[in-house]
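Residue strings, one per chain:
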Amino acid sequence: MPADLSASPGSGRGGGLVLLVLLVIALFACTAFMTVGVTGGWAFVLQLRAVKLAALLLVGCAIALATVLFQTVSGNRILTPSIMGFDALYILIQTAAVFAIGTSGLNLIDKRLLFVGQAALMTAFAALLYRWLFTGAMRSLHLLLLAGVVLGMLFRSLANILQRMIDPNEFVVLQDRFFASFNTVDTTLLGVAAVITAVAAIAIWRMRATLDVLGLGRDAAIALGVPYKRTTMTALLLVAVLTSTSTALVGPVAFFGLLVANLAYALIPSHRHALTLPAAALIAVICLVGGQTVLERVFAFNTALAIIVEFLGGIVFLFMLVRGAVR
Amino acid sequence: MTKTTAALAVFLLLAVASLFAGVSDLTPGAVLAGDPAAINLLLTSRAPRTIAVVLAGGSVAIAGLIMQMLARNRFAEPSTSGTVDAASLGMLCATLLLPDMPVIVKMMVAAAFALAGAGLFMGVLARIPLSSPLVTPLVGLMLGNVIGAATSFIAYRYDLLQSLAAWSNGDFSTILRGRYELLWVAFALAALAWFTADRLTVAGLGRDFSVNLGLNYRRVLLFGLSIVAMVTAMVVTTVGMIPFLGLVAPNLASMALGDNMRRAIPLTALLGAGLALACDLLGRLVNYPFEIPIGTMMGVIGSMLFLYLLLGKRFRAG
């Protein structure tokens, strides 16, 4: 990937302008989300929607940052954490916890503590699992992609088996509590999720210059003095944490990251992470909040957003594959 | 032939085990003694189920083999080429638009959709630069995802999401006498491949080559894809999706026997049936007395075998 590191004033200013426009659209989408179709008590509706909006903002930022980071580290534009099975892994760990401890045990533990524990476990697993994918003999991107897709299927099927082995009555109770989706956003975790996302975002922001160098490829980055292994592992750790956060809040959204990151690359005339990261996050917010507003208020399709993202994202993925963007 | 004989022995063992595994007690002794209750149970439930598993497993495996020949790729099969997802979209449309029609009509609609899905897959493949053999299954899986998302959306609009999830996941637990006979037709169609194996093999060598040898390439391609589509549609309408079976069985067979299709067909069918029996049996025993559907069980075992094929030493396509 030929990176434009010169950061000429022209390209920088162009990027800044794009960011500004995106920010305005994002604010507009948020306002629309809060105000369109309010009937009855404003105070009640605004409070209800503010919680949901906060969740959508967090999820958008988490997915966008995780995807851009992951793509920089893996050196391509088609791999994303969820295509590699990260969020399926999260669901599997969560199901395994429910299976091993049971409802009564889980009710005793604070849900936030449980979430932090799960995220830590997931990070450890992901680090172990993907270390050999990235450092081993897996130099072929296609092999990595296919292995990731199949791994994701394996995780989902395993989780499915465990879900069936949990007592059906218990499972119905658990399903609402422990498996989130776009219309049942898990609000108890908002506080923890906000803190985690903020910390991760700051860490990524401080790494942005190193990430620019990492984008030049492994050999160039090492030659320029980047501690390659350590940076890669830190980045993968951040990706795991962010993916856990978004999956815990709204469940898996397979292709959302792919859509958002590639839109950001297309709109921003630069490879600098100082521009692509915020652009991706803003686009994610626009798509999530705007999409949810349109679907919920205009078409009254409540849960369809995830399905539509899956449909569009799949087509984009196919298109990228067919056009030979993967080499 | 020793490998085929060994596979046959394991297969027969699994089939007998499948007959006598289940919630209500059935022993070989009771059947031999002529206990009417035992014989009734055997004939209405256990035997149909075992036969259905064998027929579905065998025909899905052969359909996978045909798909691999035609797409010239080891990782192509109905569930990695959008065919299965297209069949289940067809089934959903038939359920919505023709609710009063007999199963056979719905199955024909599903088969037409499956054929269109397989054709779309082959069309996309013909248009892209195949920089790596791994692109083929990736394209197929993603095509399946997109079709699956469209299916989910339609099901969501008509409040059928839950029933879609229920019937699209392969499951033999509802098989009784009178509910699986369509699978005999599927197996007969798959067996037809035996007689046309040479032509399918030649068609697998590519358009120019087969035209050069005097083969009507388009007709053979259409014939092969039609068999795959019909088999897929019949299996999807009677039991649901069984992922990766058509991928794993032919690959294991070709490891043992090489790539001669006519020689590989019996072993492929045997391995497919055996694998399906093993998964179905395991699904019945793991969470006894409840069942885990074969679609889920095969999802785990099949994806592990797929990963083994991908990452194993034998893999030459890297």
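Keep in mind that this is a model prediction, so the values were computed, not measured.

### A closer look at the overall build of chain A
Turning to step 1, where the next piece is worked out: Of regular secondary structure, chain A possesses 13 helices and zero strands.
Turning to step 2, where the next piece is worked out: Each helix (α) and strand (β) of chain A, taken in turn from the N terminus, gives the series α-α-α-α-α-α-α-α-α-α-α-α-α.
Turning to step 3, where the next piece is worked out: Pairs at least 24 apart in sequence give 79% of the contacts found in chain A among residues at least 6 apart.
Turning to step 4, where the next piece is worked out: For chain A, the accessible surface area stands at approximately 14,000 Å², while carbon and sulfur atoms represent 69% of it.

### Things to note about the overall build of chain B
Turning to step 1, where the next piece is worked out: Tallying secondary structure elements over chain B gives 14 helices and zero strands in all.
Turning to step 2, where the next piece is worked out: For chain B, the N- to C-terminal ordering of α and β elements is α-α-α-α-α-α-α-α-α-α-α-α-α-α.
Turning to step 3, where the next piece is worked out: Against the globule reference of 20 Å for 318 residues, chain B gives a C-alpha radius of gyration of 19 Å, in line with a compact fold.
Turning to step 4, where the next piece is worked out: Considered along the principal axes of its C-alpha atoms, chain B spans approximately 65 × 55 × 35 Å.
Turning to step 5, where the next piece is worked out: Among the 318 residues that make up chain B, the fraction classed as buried is 54%.
Turning to step 6, where the next piece is worked out: Considering only intrachain contacts with a sequence separation of at least 6, the fraction spanning at least 24 residues in chain B is 75%.
Turning to step 7, where the next piece is worked out: By element, 67% of the accessible surface of chain B is carried by carbon and sulfur atoms, the whole surface being about 13,600 Å².
Turning to step 8, where the next piece is worked out: Taking the 20 positively charged and 13 negatively charged side chains of chain B as two groups, their mean positions are separated by 12 Å.

### Here we look at the nonpolar core
Turning to step 1, where the next piece is worked out: The biggest cluster of nonpolar side chains holds 193 residues, and the ones touching the most others in it are F317 of chain A together with I66, F172 and L310 of chain B.
Turning to step 2, where the next piece is worked out: Apart from residues lying up to four places away in sequence, I66 of chain B is in contact with A193, L200, G224, I227, V228 and M261 of chain B.
Turning to step 3, where the next piece is worked out: Core analysis: the second largest hydrophobic core is formed by five residues, A87, A114, A229 and V236 of chain B among them.

### Points about the interface of chain A and chain B
Turning to step 1, where the next piece is worked out: On the chain B side, the residues contacting the 35 residues of chain A number 39 residues.
Turning to step 2, where the next piece is worked out: Buried surface at the junction of chain A and chain B, both sides included, amounts to about 3,300 Å², of which 84% is carbon and sulfur.
Turning to step 3, where the next piece is worked out: Viewed at the interface, chain B and chain A are joined by zero salt bridges.
Turning to step 4, where the next piece is worked out: At the level of secondary structure, the elements contributing two or more residues to the side of chain A that touches chain B comprise helix 5 (141–165) and helix 13 (304–322) of chain A.
Turning to step 5, where the next piece is worked out: By residue number, the principal contributor to the side of chain A that touches chain B is helix 5 of chain A, which donates 16 residues.
Turning to step 6, where the next piece is worked out: The residue makeup of the side of chain A that touches chain B, split by class, is 26 nonpolar, seven polar and two charged.

### Comments concerning the packing of aromatic side chains
Residues and elements named next belong to chain B.
Turning to step 1, where the next piece is worked out: Enumeration according to the criterion identifies four aromatic pairs over all chains in this entry.
Turning to step 2, where the next piece is worked out: When the ring of F75 is compared with that of F306, the centres are 5.5 Å apart and the planes differ by 35 degrees; the resulting orientation is tilted. In this pair, F75 sits in the loop between helix 3 (36–71) and helix 4 (83–97) while F306 sits in helix 14 (residues 294–311), placing the two residues 231 residues apart along the sequence. Both residues of the pair, F75 and F306, count as buried.
Turning to step 3, where the next piece is worked out: Among the aromatic side chains, those forming a connected cluster through ring pairs are F75, F244 and F306.

### Digging into a nonpolar patch on the surface
Turning to step 1, where the next piece is worked out: On the surface, L17, L20, V21, L23, I25 and L27 of chain A cluster together into a nonpolar patch covering about 550 Å² of accessible area.
Turning to step 2, where the next piece is worked out: Mapped onto the secondary structure, V21 of chain A falls in helix 1 (residues 9–35).

### Observations concerning the side chain of S246 of chain A
Turning to step 1, where the next piece is worked out: Examined against the element boundaries, S246 of chain A turns out to sit in helix 10 (residues 228–250).
Turning to step 2, where the next piece is worked out: The class of S246 of chain A is buried, set by a relative accessible area of 6%.

### Thoughts on the environment of I83 of chain A
Turning to step 1, where the next piece is worked out: Relative to the helices and strands, I83 of chain A is located in the loop between helix 2 (42–74) and helix 3 (86–108).
Turning to step 2, where the next piece is worked out: In contact with I83 of chain A, other than residues within four places in its own chain, are I78, L145, G148, V149, F255 and F317 of chain A.

### Here we look at the packing of helix 2 of chain A against helix 7 (residues 190–206) of chain A
All names here are of chain A.
Turning to step 1, where the next piece is worked out: The geometry of helix 2 relative to helix 7 is characterised by a closest axis approach of 10 Å and an angle of 35 degrees between their N-to-C directions. By crossing handedness, the relation of helix 2 to helix 7 is classed as left-handed. When helix 2 is examined against helix 7, the residues V51, A54, A55, L58, A62, L65 and L69 are found in contact with a partner set consisting of L190, A193, A194, T197, A201 and I204.
Turning to step 2, where the next piece is worked out: In the contact of helix 2 with helix 7, the residues fall into twelve nonpolar, one polar and no charged.

### Considerations on the environment of L176 of chain B
Residue and element names in this part refer to chain B.
Turning to step 1, where the next piece is worked out: Looking at where L176 falls in the secondary structure, it is placed in the loop between helix 7 (161–168) and helix 8 (182–195).
Turning to step 2, where the next piece is worked out: Separated by 54 residues in sequence, L176 and M230 have C-alpha atoms that sit 22 Å apart.
Turning to step 3, where the next piece is worked out: Not counting the four nearest positions on each side in its chain, L176 is found in contact with T44, S45 and P48.

### Describing the confidence of the model for chain A
Residues and elements named next belong to chain A.
Turning to step 1, where the next piece is worked out: Summarising the model, chain A shows a mean pLDDT of 80, and 84% of its residues fall at 70 or more.
Turning to step 2, where the next piece is worked out: Within chain A, the element-level pLDDT minimum falls on helix 6 (residues 168–178), averaging 65, and the maximum on helix 7, averaging 91.
Turning to step 3, where the next piece is worked out: Scored below 50 in pLDDT, residues 1–11 shows 14 contacts in the model against residues more than four places distant or in partner chains.

### Observations concerning the pattern of salt bridges
All names here are of chain B.
Turning to step 1, where the next piece is worked out: According to the stated counting rule, one finds four salt bridges over all chains in the structure shown.
Turning to step 2, where the next piece is worked out: Residues E291 and R49 are paired through a salt bridge, measuring 2.9 Å at the closest nitrogen-oxygen approach. Note that E291 is positioned in the loop between helix 13 (261–286) and helix 14 and R49 in helix 3, a separation of 242 residues in sequence.
Turning to step 3, where the next piece is worked out: In this structure, the salt-bridge partner of R284 is D280, at a minimum N-O distance of 3.2 Å. You can see R284 and its partner D280 sitting in helix 13, four residues apart, about one turn around the helix. Here R284 and D280 have matching classes, each one buried.
Turning to step 4, where the next piece is worked out: Overlapping salt bridges, with partners in common, bring together R49, D280, R284 and E291 in one network.

### As for helix 5 (residues 103–127) of chain B
Residue and element names in this part refer to chain B.
Turning to step 1, where the next piece is worked out: If you check helix 5, its first and last C-alpha atoms are 36 Å apart, about what 25 residues at 1.5 Å a residue would give, namely 36 Å.
Turning to step 2, where the next piece is worked out: For helix 5, every residue scored as buried is listed here: K106, M107, A110, A111, A114, G117, A118, F121, M122 and L125.
Turning to step 3, where the next piece is worked out: As for helix 5, its buried residues are in contact with helix 3, helix 4, helix 6 (135–157), helix 8 and helix 11 (217–238).

### Some details on the side chain of R49 of chain B
Residues and elements named next belong to chain B.
Turning to step 1, where the next piece is worked out: Given a relative accessible area of 8%, R49 falls into the buried group.
Turning to step 2, where the next piece is worked out: Within the structure, R49 has its side chain in polar contact with the side chain of E291 (distance 2.9 Å).
Turning to step 3, where the next piece is worked out: Beyond its immediate stretch of four places on either side in the chain, R49 contacts F172, S173, I175, D280, R284 and E291.

### Details of the state of the cysteines
In a disulfide, the sulfur atoms of two cysteines are held together by a covalent bond.
All names here are of chain A.
Turning to step 1, where the next piece is worked out: Under the criterion given, the structure shown has zero disulfides over all chains.
Turning to step 2, where the next piece is worked out: Between C30, a cysteine without a disulfide, and C61, which holds the nearest cysteine sulfur, the sulfur-to-sulfur distance is 9.8 Å.
Turning to step 3, where the next piece is worked out: With relative accessibility at 25%, the residue C61 sits in the partly exposed group.

The rules behind these values
Residues numbered from 1 in each chain as written. Chains lettered and ligands numbered in written order. Predicted model: local features only at pLDDT ≥ 70, side-chain atom pairs only at ≥ 80, totals over all residues. Heavy atoms only, no water. Helix = DSSP H or I, 4+ residues; strand = E, 2+ residues; numbered from the N terminus. Contact = heavy atoms within 4.5 Å. Areas by Shrake-Rupley, 256 points an atom, 1.4 Å probe, with all protein chains shown as cover. Rg over C-alpha atoms; globule rule 2.2 N^0.38 Å. Buried < 20%, exposed > 50% of the residue type's maximum accessible area, 1.4 Å probe, protein only. Lys, Arg positive; Asp, Glu negative; His and termini not counted. Charge placed at Lys NZ, Arg CZ, Asp CG, Glu CD. Core = buried A, V, L, I, M, F, W, Y, C linked by side-chain atoms within 4.5 Å. Buried area = accessible area lost by both parts, 1.4 Å probe. Salt bridge = Lys/Arg side-chain N within 4 Å of Asp/Glu carboxyl O. Nonpolar A, V, L, I, M, F, W, Y, C, P; charged D, E, K, R; others polar. Phe/Tyr/Trp six-rings, centres within 6.5 Å; stacked < 30°, edge-to-face > 60°. Patch = residues over 30% accessible without salt bridge, like charges linked within 9 Å, V, L, I, M, F, W, Y side chains within 5 Å. Axes fitted to C-alpha atoms, helices over the stretch in contact; angles between N-to-C directions. Left-handed = near helix turned anticlockwise from the far one by under 90°. pLDDT = per-residue confidence, 0-100. Expected span 1.5 Å × (residues − 1). Polar contact = N/O pair within 3.5 Å; in protein donor to acceptor, adjacent residues only side chain to side chain. Disulfide = S-S within 2.5 Å.

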